[in-house]
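# Observations on the three-dimensional arrangement
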Amino acid sequence: MSLAEHRRLSLWWDTLPDDLVGDLRPPLEGSTDADVAIVGGGYTGLWTAYYLAKADPSLRVVVLEARTAGFGASGRNGGWASALFPTSLDKVAAESSREGAVALQRAMFDTVDEVGRAAAAEGIDCHYRKGGTITLARTPLQLERAQHDVEAFRSWGFGEDDAVLLTADEARERLGATDVLGATYTPHCAAIHPARLVRGLAQAVERRGVAVHEGTKVTAIEPGVVRTERGDVRARHIVRATEAWTSQLPGYERDIAPVYSLMLATEPLPDEVWAQIGLRRGETFNDHRHLIIYGQRTVDGRFAFGGRGAPYHFGSTIRPEFDRDPAVYDELWRVLRDLFPVLSGREVTHTWGGPLGIPRDWFPTVAYDTDTGIGSAGGYVGDGVASSNLAGRTLADLVRGEDTERTRLPWVNRRSKRWEPEPFRWLGVNLGLRVMGSADGVEARTGKPAKRAELLAPLLGGH
Ligand SMILES: Cc1cc2nc3c(=O)[nH]c(=O)nc-3n(C[C@H](O)[C@H](O)[C@H](O)COP(=O)(O)OP(=O)(O)OC[C@H]3O[C@@H](n4cnc5c(N)ncnc54)[C@H](O)[C@@H]3O)c2cc1C
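This structure is a prediction, so every number in the text was calculated from the model and none was measured.

## Examining the site of the ligand
For the ligand, the set of nearby residues contains 37 residues, the closest of which are Thr 44, Glu 65, Ser 74, Val 218 and Val 385. The separation between an oxygen atom of the ligand and a polar main-chain atom of Gly 79 is 3.4 Å. In the model, a nitrogen atom of the ligand is placed 2.8 Å from a nitrogen or oxygen of the Val 218 main chain. Contact with the protein chains covers 98% of the free accessible surface of the ligand, which is 1000 Å². Going through the elements one at a time, α4 (43-55), β12 (257-266), β16 (348-358) and α12 (384-399) are the ones with two or more residues in the shell around the ligand.

## A word on the pattern of salt bridges
Enumeration according to the criterion identifies 37 salt bridges in this entry. Residues Arg 117 and Asp 110 are paired through a salt bridge, measuring 3.2 Å at the closest nitrogen-oxygen approach. Judged by its relative accessible area of 44%, Arg 117 falls in the partly exposed class. Across the pair Arg 425 and Glu 422 runs a salt bridge whose closest N-O atoms are separated by 3.6 Å. Here Arg 425 matches Glu 422 in class, with each residue buried. When salt bridges that share partners are traced, they join Arg 138, Asp 179, Asp 287, Arg 289 and Asp 338 into one network.

## Concerning the sheet that holds strand β5 (residues 164-167)
Ordered in space as β5-β6-β4-β13-β14-β15-β12-β16, the eight strands form an open sheet in which the pairing is mixed. One side of each edge strand has no neighbouring strand; the edge strands of this open sheet are β5 and β16. The average undirected angle you get between the axes of adjacent strands in this sheet is 25°. With two bridges joining them, strand β13 (residues 284-287) and strand β14 (residues 293-297) adopt antiparallel strand pairing. Following the sheet pairing, Phe 285 is matched in β14 by Gly 295. Along the sheet, helix α7 (residues 140-154) contacts β4 (133-137), β5, β6 (182-186) and β13; its crossing angle with β5, the most-contacted strand, is approximately 150°. Relative to the sheet, helix α11 (residues 326-339) contacts β4, β12, β13, β14, β15 (303-307) and β16, its axis offset from that of β12 by approximately 50°.

## So, the packing of helix α6 (residues 98-121) against α12
Relative to each other, α6 and α12 sit at 100°, their axes nearing to 8 Å. When the interaxial angle is binned, α6 and α12 end up roughly perpendicular. Contacts from Leu 104, Ala 107, Met 108, Asp 110, Thr 111, Glu 114 and Val 115 of α6 reach α12 at Ala 386, Ser 387, Asn 389, Leu 390 and Arg 393. Here the contact of α6 with α12 is built from residues that sort into six nonpolar, three polar and three charged.

## Points about the domain arrangement of the protein chain
You can read the domains of the protein chain as domain 1 (3-77 + 194-256 + 363-408) and domain 2 (137-183). Here the C-alpha centroids of domain 1 and domain 2 sit 37 Å apart.

## Considering a nonpolar patch on the surface
Taken together, the side chains of Phe 314, Phe 424, Trp 426 and Leu 427 define a hydrophobic patch exposed on the protein surface, amounting to about 440 Å² of accessible area. By the element assignment, Leu 427 lies in helix α13 (residues 424-446).

## Section: the nonpolar core
Residues Trp 47, Leu 197 and Trp 411 are the most contacted members of the largest nonpolar core, which totals 63 residues. Going through the elements one at a time, β1 (32-39), α4, β2 (61-64), α5 (89-95), α6, α9 (194-207), β17 (365-369) and α12 are the ones with two or more residues in this core. Split by domain, the residues of this core number at least three in each of domain 1 (3-77 + 194-256 + 363-408) and domain 2 (137-183). With residues near it in sequence (within four places) discarded, Leu 197 still touches Tyr 43, Trp 47, Val 115, Ala 119, Ile 124, Cys 126 and Ile 192. Formed by 35 residues, the second largest nonpolar core is a distinct cluster that contains Leu 279, Phe 285, Trp 333 and Val 335.

The rules behind these values
Residues numbered from 1 in each chain as written. Predicted model: local features only at pLDDT ≥ 70, side-chain atom pairs only at ≥ 80, totals over all residues. Heavy atoms only, no water. Near = heavy atom within 4 Å. Polar contact = N/O pair within 3.5 Å; in protein donor to acceptor, adjacent residues only side chain to side chain. Areas by Shrake-Rupley, 256 points an atom, 1.4 Å probe, with all protein chains shown as cover. Helix = DSSP H or I, 4+ residues; strand = E, 2+ residues; numbered from the N terminus. Salt bridge = Lys/Arg side-chain N within 4 Å of Asp/Glu carboxyl O. Buried < 20%, exposed > 50% of the residue type's maximum accessible area, 1.4 Å probe, protein only. Pairing = 2+ DSSP bridges. Axes fitted to C-alpha atoms, helices over the stretch in contact; angles between N-to-C directions. Contact = heavy atoms within 4.5 Å. Parallel < 35°, antiparallel > 145°, perpendicular 65-115°, else oblique. Nonpolar A, V, L, I, M, F, W, Y, C, P; charged D, E, K, R; others polar. Domains from an automatic or database assignment. Patch = residues over 30% accessible without salt bridge, like charges linked within 9 Å, V, L, I, M, F, W, Y side chains within 5 Å. Core = buried A, V, L, I, M, F, W, Y, C linked by side-chain atoms within 4.5 Å.

Dropping the structure here:
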């Protein structure tokens, strides 16, 4: 795939300035030695490289990327740098402690700011706007869920500065959608241009002396050595940052299930349309329906809007054609026009998608094994834009043998169970997706909560 073809990967790739696309970086040529070899050039790999190089400029850090930096979800996502963690606080606390769960959530709040701080410090113009997230309630049942969510969040000691319930008028002032009965609002989210961040990060780590090899596919990870199609990298420390593609690496087939999220973007909309819709402060938005949707107003005045709904593919297969699903795009466009009828007659200019990574227990992990020298992070379930930054900082601490507040957070060095072998994995994941997909219809028809979806809800977060 040429770099020109990469522009078709997403709206974000298509709107990158030329200097952030550039030429393909040189692939690895033959075998070499390094202190740290990082597999994967998305946010996780690049943030890890960034914080390592910043903490110890003498370290020889090599990033090996099969395609190009930002080819994966990092160059295609919804651009919510949010404090969302896909695992419920109850579940985090059950595995660790109440204090641990709260510390993790507070670290996520701070991470939203750290993404902005680090981008600014490196001169990366990723259109960072910390406008928070508004989550609309558009049915009485959704309003009940909104009230419950805020109360539940507050019960952990978080305050009005962290989450509030908005009245219908307050909600409409921020976001002029149809049928608004109220909303929840949290300030802990920034809207960004995802590809500007990941491509800018690749340049930032290079400026700090990190070698980034694109077009270099890793075929195996063993203690002390990363094998590629173009030679081996011998390294004391190895970090696997391959998210959805983890399932394609020998030995890791059942660690992460790749599930697709799909997006569309409209043409840039005129000011009079935005005057009716709002999102003036760079808020990201969604609503309290079961099937996940997410959106933002881009700096060039478009809607970038996405959702789940595409199936999981048997055997954790990942193929370019799975990024595109006309039925899902049609449904996303219908949902967006239902929210904002003023969009009728406007054009959708971009459609795209990509795989995100789901661990068996929906619980992301940062891990480092001091015996083998192999570390990893991921399984973000579609909430990885900010959490990959926290993961990168934490991996840098772990690799350097530092004991810090971060390395004591409860997502560090835990293990998720592996996924079932096929066909059970295929049946289980798709059943979950189907139940959530049908739950909103059930609620609309009956006016009652969809029980099966409520049972699955704590498991099914993310974008
Ligand atoms: C459509 C979509 C919308 C999303 N929206 C949001 C959102 O709004 N907010 C949010 O928080 N999260 C969102 N996510 C999830 C988020 O984008 C990811 O969690 C995050 O980008 C993960 O970063 P990563 O670096 O771990 O993985 P990736 O960005 O997927 O990077 C992995 C990299 O590893 C490379 N690689 C894989 N295998 C190999 C190999 N064998 N050898 C060498 N290189 C390899 C890949 O080419 C890829 O570049 C979304 C995801 C998608 C797909």
